[in-house]
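# Structural overview for review
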Amino acid sequence: MNIEKIIEALKNVTDPLTGVDLIASKKVYNINVDGDHVVFDLIVNDLEPMMKGELNLRTVEEIQKVYPNANVNVNMITKEVLAAQKAKAEVSGDNGQGKKEEYKTFVQPLLDLSGNPLPQVKNIIAIASGKGGVGKSTVAVNLALALKELGYKVGLLDGDMYGPSIPTMLKLQGKRPGLKKVYGVDKLLPIEAYGIHTMSIGFFVNPEQAIVLRGPKLDGVMKQFVKDVVWPDLDYMLIDLPPGTGDVQLSLVQLLSVTGAIMVTTPQQVALDDAVKAMHMFMLNNVEVPILGVVENMSWFSCEELPDKKFYIFGHGGGKVLAQKGSTDLLGQIPIIESIRKAGDSGLPAVLSEGPVRDYYLDLAANVDKQTQIRNEISQPTKIVDRTS
Ligand SMILES: Nc1ncnc2c1ncn2[C@@H]1O[C@H](COP(=O)(O)OP(=O)(O)O)[C@@H](O)[C@H]1O
Ligand SMILES: [Mg+2]
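Predicted model only: the values in this text are computed from it and were never measured.

Helix and strand content of the protein: 12 helices and 15 strands. At 23 Å, the protein has a C-alpha radius of gyration in line with the 21 Å of a compact globule built from 389 residues. The dimensions of the protein, computed from C-alpha atoms along their principal axes, are 75 × 45 × 45 Å. Across the protein, contacts joining residues at least 24 apart in sequence account for 76% of those joining residues at least 6 apart. Taken as a whole, the protein presents about 18,300 Å² of accessible surface, with 52% of it coming from carbon and sulfur. Looking at the protein, you have 40 positive and 46 negative side-chain charges, and the mean spots of the two groups are 2 Å apart.

Quick look at helix H1 (residues 3-10) now. Every buried residue of H1 is accounted for by Ile3, Ile6, Ile7, Ala9 and Leu10. Projection of H1 onto a plane perpendicular to its axis shows the buried side chains occupying an angular sector of 160°, all on one side. Those residues of H1 hidden inside the fold are in contact with strand S1 (28-34), strand S2 (37-43), helix H2 (49-66) and strand S4 (105-106). Capping of H1 at its N-terminal end is provided by Asn2; its side-chain oxygen lies 2.7 Å from the backbone amide nitrogen of Glu4.

As a further point, take the site of ligand 1. Near ligand 1 lie 16 residues; those nearest to it are Gly133, Lys136, Ser137, Thr138 and Pro335. Separating an oxygen atom of ligand 1 from a backbone N or O atom of Val134 is a distance of 3.2 Å. One of the backbone nitrogen or oxygen atoms of Ile337 is found 3.0 Å away from a nitrogen atom of ligand 1. Taking 560 Å² as the accessible area of ligand 1 by itself, protein coverage stands at 81%. Contributing elements (two or more residues each) for the shell around ligand 1: helix H4 (136-149), strand S13 (291-303), strand S15 (330-336) and helix H11 (338-346). Classifying every residue of the shell around ligand 1 gives 8 nonpolar, 6 polar and 2 charged.

Let's shift gears to the domain arrangement of the protein. Segmentation of the protein into domains returns domain 1 (3-106) and domain 2 (121-378). Just the C-alpha atoms count here: the centres of domain 1 and domain 2 sit 37 Å apart. Across the contact, 13 residues belong to domain 1 and 10 residues belong to domain 2. Our enumeration of links across domain 1 and domain 2 arrives at 0 salt bridges.

Procedures and definitions
- Residues numbered from 1 in each chain as written.
- Chains lettered and ligands numbered in written order.
- Predicted model: local features only at pLDDT ≥ 70, side-chain atom pairs only at ≥ 80, totals over all residues.
- Heavy atoms only, no water.
- Helix = DSSP H or I, 4+ residues; strand = E, 2+ residues; numbered from the N terminus.
- Rg over C-alpha atoms; globule rule 2.2 N^0.38 Å.
- Contact = heavy atoms within 4.5 Å.
- Areas by Shrake-Rupley, 256 points an atom, 1.4 Å probe, with all protein chains shown as cover.
- Lys, Arg positive; Asp, Glu negative; His and termini not counted.
- Charge placed at Lys NZ, Arg CZ, Asp CG, Glu CD.
- Buried < 20%, exposed > 50% of the residue type's maximum accessible area, 1.4 Å probe, protein only.
- Arc of directions from axis to C-beta.
- Polar contact = N/O pair within 3.5 Å; in protein donor to acceptor, adjacent residues only side chain to side chain.
- Near = heavy atom within 4 Å.
- Nonpolar A, V, L, I, M, F, W, Y, C, P; charged D, E, K, R; others polar.
- Domains from an automatic or database assignment.
- Salt bridge = Lys/Arg side-chain N within 4 Å of Asp/Glu carboxyl O.

Here it is in structure tokens:
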């Protein structure tokens, strides 16, 4: 029996928690093959006994489709026990599975002990600002599509429960998410637009209705968007946050391991105080979400008559000052361009049209990607904030 084929077979089994396959959800560890025998560890934290039984049957069924005579042994285990075994094996020099020569081992690259409910998503990036109207959603949408252009699998979660603008910006007004049954439980499917996957409260209510949601209810919506949506395997999930430091930001860091935050600001100094406050929320001692950088939006205006002249209508230098205050980088400056606004209103984002505007967002995406990789190299995954502390 071949390990690769067994991995392929296990990709046909859905993880009850995430709704995606067991391999992408990082639930399978230590596959060992010996003759007709195959043994592997399956992480089953938070699963009901009934579900465990069903999951066992499903994995055996899929492997036996490929190898009808396979004798499958699923070792259901919690991730804490697996981590302890691994640590012990490392100390003793044992591979933890006996030492038979013919054993081949498949170990998932990282054992995720963080309790992250989206193991199939590699990077979760919050797009934040101090004030509204600075172009946060416009940046989020165009950045998401630019990352997709760079070849990544991208999701966009509209976390702005008061003023969801993603549906309009992606021409998805009136669309309703589909449902998928995962082991008998209904889950929501994200909506696809221009090759990215998205979810917004705007798919459920009219934007005017969204405004009546408050604190505890908002918390519930955020939780549902994380736990009850079948997000596919993604390289990047961007989260467009409401402005400031409110309940949505709080529930986000309590729910997810946020890889990093990007601050969006306009260049004027008066907007800076709010932007600094919003940024500091992520930098708090018990939150510790790295700031990947700053995007300065509406940096200048140029007109056709004087294309080389920059008019600093909204002031000058705010992005750089904010970046310095957060000991981080200025990831990009995007001028005021009429076509960006028009594109947003019409639902065909500016980055999708050929021309100089597109390059602003592609450059921004390349910088975001680079900073994310550096962040992942130099520091551990962000800890999810403990609700009780
Ligand atoms: N660089 C830009 N040039 C021109 N218009 C822009 C630019 N960025 C954003 N806008 C427009 O400004 C308005 C506010 O942007 P939006 O992304 O909704 O802000 P926020 O999400 O911060 O409230 C929208 O009409 C949008 O199309
Ligand atoms: Mg917005």
